[in-house]
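Architecture at a glance
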Amino acid sequence: MPLIVMCGYPCSGKTSRAEELKGYFEESSQRKVHIVGDKGLDVEKNSVYADSQKEKNVRASLKAEVERKVTKDDIVILDSLNYIKGYRYELFCLIKHTQTPHCLVYCLTSDEQSSLWNTSREAAEQYNQDIFDALVQRFEAPDSRNRWDSPLFTILKDDTLPFEAISDALFKRKAPPPNQSTQSQPLSSVNFLYELDKITQDVLMAIFNAQKTSVPGDLVPVPGATEKVELTRSINMAELQKLRRQFISYTKMHPTENTGQIANMFVQYLNKSLH
C-alpha cells in the first residue's frame, strides 16, 4: 500500500510527524504501518553525511528497505532527510513500478529553528554544526509542480497534520501508471536477446562518440530512439557498460513484445540513472 515520504531540514520535526502519522493510520485504518529511517540502520549521522559514498550507501539501503516493505496491505513511512530531488524521483519510480500511491510530507522550518532544535538534543543525537550547515545548503526543496513531489503537504512547526487530506491522497487516488520501461510484457520475438544486445550497444557507442563534441546539458540523439539522452555530465565507457548490463538483466526478466521500443526504454533508463 501507500508510501509517505518525509522531507525537511535536519531536526525539522520529521520523526515526530512520522510517529503522529503512524498512530493515526494504525487507529483509523487498522493497517500495519512501518517506519523506515536512519535510526533503523544504526548509522552515525555525522560520519555518514561527511562522506558522500557512505551517504549514497545509506540512501540505497533505505530505498531497498522501502521496496521490501511496500505491500498491498501495509503503509510505509520513509523518515529521512530525502533532501535530494533525484532521490525523490527514484522513490517515485519505485512506487510507479509497484503501482501504489504516495505523497510527500514536507516539514518546513527555518534553518535557525532547526539549528536550535539540533543544539537542544542530547550531544550524541546532534549534528555537528558544519555537517548541519552543509545539509541545509544542499537541501533541494520539493515542488508540487514535479510529479515526484506531488501530492505535497507542507507542514509548519505549529501546524496540525491534515490527516484526512493525507489519507484521501493515499487511499482515494489512483496509483501512477507504470512506465513502459517498467511494465512486464510477454516475450514473443525469437530475436529478442540479439536485438537487445545490439541495440543497447549501438546506443552506448552513440553516447560515447557524442561526448567528444558535446558539453553537459546537451541532448544526444541515438539510433532507433525518438527520445534523447540527457548528458548532465561526462560518462566513461565503464559506467555506461555497467548501466547497460543492469538494463539487460532487468529487461530479460521483463521483456517487451515490441523490440522497436528497446532503444527508447534504454534511453529512459539511462536518463533516470544518470540524474
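As the structure is a prediction and not an experimental result, all values here were calculated from the model.

**Details of the overall build of the chain**
Counting its secondary structure elements, the chain contains 11 helices and 7 strands. Taken against the 2.2 N^0.38 rule, which gives 19 Å for 275 residues, the C-alpha radius of gyration of the chain at 21 Å falls within 12% of a compact globule. Its C-alpha atoms give the chain principal-axis dimensions of roughly 60 × 40 × 30 Å. Across the 275 residues in the chain, those meeting the buried criterion constitute 44%.

**Concerning the packing of aromatic side chains**
Under the definition given, this model contains 10 aromatic pairs. Considering the side-chain rings of Tyr 49 and Tyr 127, the 6.3 Å spacing of their centres and the 45° angle between planes classify their relative orientation as tilted. Residue Tyr 49 is found in the loop between helix H3 (45-48) and helix H4 (52-69), and its partner Tyr 127 is found in the loop between helix H6 (111-119) and helix H7 (129-138); the two are separated by 78 residues along the sequence. Assessed through its relative accessible area of 9%, Tyr 49 is described here as buried. Seen from their ring centres, Phe 247 and Phe 266 are 4.8 Å apart, and the 35° between their planes marks the pair as tilted. Of this pair, Phe 247 sits in helix H10 (residues 237-253) while Phe 266 sits in helix H11 (residues 262-274); the two residues are 19 residues apart in sequence, bridging distant segments of the chain. Residue Phe 247 shares its accessibility class with Phe 266, and that shared class is buried.

**A few points about H7**
Listed in full, the buried residues belonging to H7 are Ile 131, Phe 132, Leu 135 and Val 136. Along the axis of H7, the buried residues cluster in a sector spanning 135°; they form a single face. Turned more than 90 degrees off the buried face of H7, the exposed positions are Asp 130 and Gln 137. Its buried side turned inward, H7 meets H3 and H6.

**A short note on the domain arrangement of the chain**
With domains assigned, the chain is organised as domain 1 (3-182) and domain 2 (191-274). A C-alpha centroid distance of 31 Å is found between domain 1 and domain 2.

**Description of unusual backbone geometry**
Glycine aside, negative phi is the norm for most residues, and most peptide bonds take the trans geometry. Across the junction of Ser 150 and Pro 151, the peptide omega takes the value 0°, indicating a cis bond. For Pro 151, the position within the fold is in the loop between H7 and strand E5 (152-155). Even without a glycine there, the phi angle at Gln 30 is positive, about 60°. Considering the arrangement of structural elements, one finds Gln 30 in the loop between helix H1 (14-29) and strand E2 (33-37). Taking the relative accessible area as the measure of exposure, Gln 30 reaches 66% and is therefore exposed. The backbone of Asn 82 sits at a positive phi, close to 45°, despite the residue not being glycine. One can find Asn 82 in the loop between strand E3 (75-79) and helix H5 (85-98). Classification of Asn 82 as buried rests on a relative accessible area of 3%.

**Here we look at the sheet that holds strand E4 (residues 102-107)**
Within the open sheet, the 5 strands sit side by side as E2-E3-E1-E4-E5. Their pairing is parallel. Edge positions in the sheet fall to E2 and E5, since each has one partner strand and no second. The average angle at which neighbouring strand axes cross in this sheet is 20°, direction not considered. H4 rests against strand E1 (3-8), E2 and E3 of the sheet, and its axis sits at about 165° to E2.

**Considerations on H5**
Helix length check: H5 (14 residues) gives 20 Å between terminal C-alpha atoms against 20 Å at 1.5 Å per residue, within 8%. Within the sequence span of H5, burial applies to Tyr 87, Arg 88, Tyr 89, Leu 91, Phe 92, Cys 93, Leu 94, Ile 95 and Lys 96. Summarising the contacts, the buried residues of H5 are in contact with E1, H4, E3, E4 and H11.

**Section: the nonpolar core**
Membership of the largest hydrophobic core comes to 32 residues, with the highest contact counts inside it found for Leu 3, Tyr 49, Val 66, Leu 78, Tyr 127 and Leu 135. Those elements that place two or more of their residues in this core are E1, H4, E3, H5, E4 and H7. Leaving out residues up to four positions away in the same chain, Val 66 has contacts with Leu 3, Val 36, Val 76, Leu 78 and Leu 94. One finds Ala 206, Leu 240, Ala 263 and Leu 270 within the second-largest nonpolar core, a separate group that totals 25 residues.

Rules behind the numbers
- Residues numbered from 1 in each chain as written.
- Predicted model: local features only at pLDDT ≥ 70, side-chain atom pairs only at ≥ 80, totals over all residues.
- Heavy atoms only, no water.
- Helix = DSSP H or I, 4+ residues; strand = E, 2+ residues; numbered from the N terminus.
- Rg over C-alpha atoms; globule rule 2.2 N^0.38 Å.
- Buried < 20%, exposed > 50% of the residue type's maximum accessible area, 1.4 Å probe, protein only.
- Phe/Tyr/Trp six-rings, centres within 6.5 Å; stacked < 30°, edge-to-face > 60°.
- Arc of directions from axis to C-beta.
- Contact = heavy atoms within 4.5 Å.
- Domains from an automatic or database assignment.
- Pairing = 2+ DSSP bridges.
- Axes fitted to C-alpha atoms, helices over the stretch in contact; angles between N-to-C directions.
- Expected span 1.5 Å × (residues − 1).
- Core = buried A, V, L, I, M, F, W, Y, C linked by side-chain atoms within 4.5 Å.

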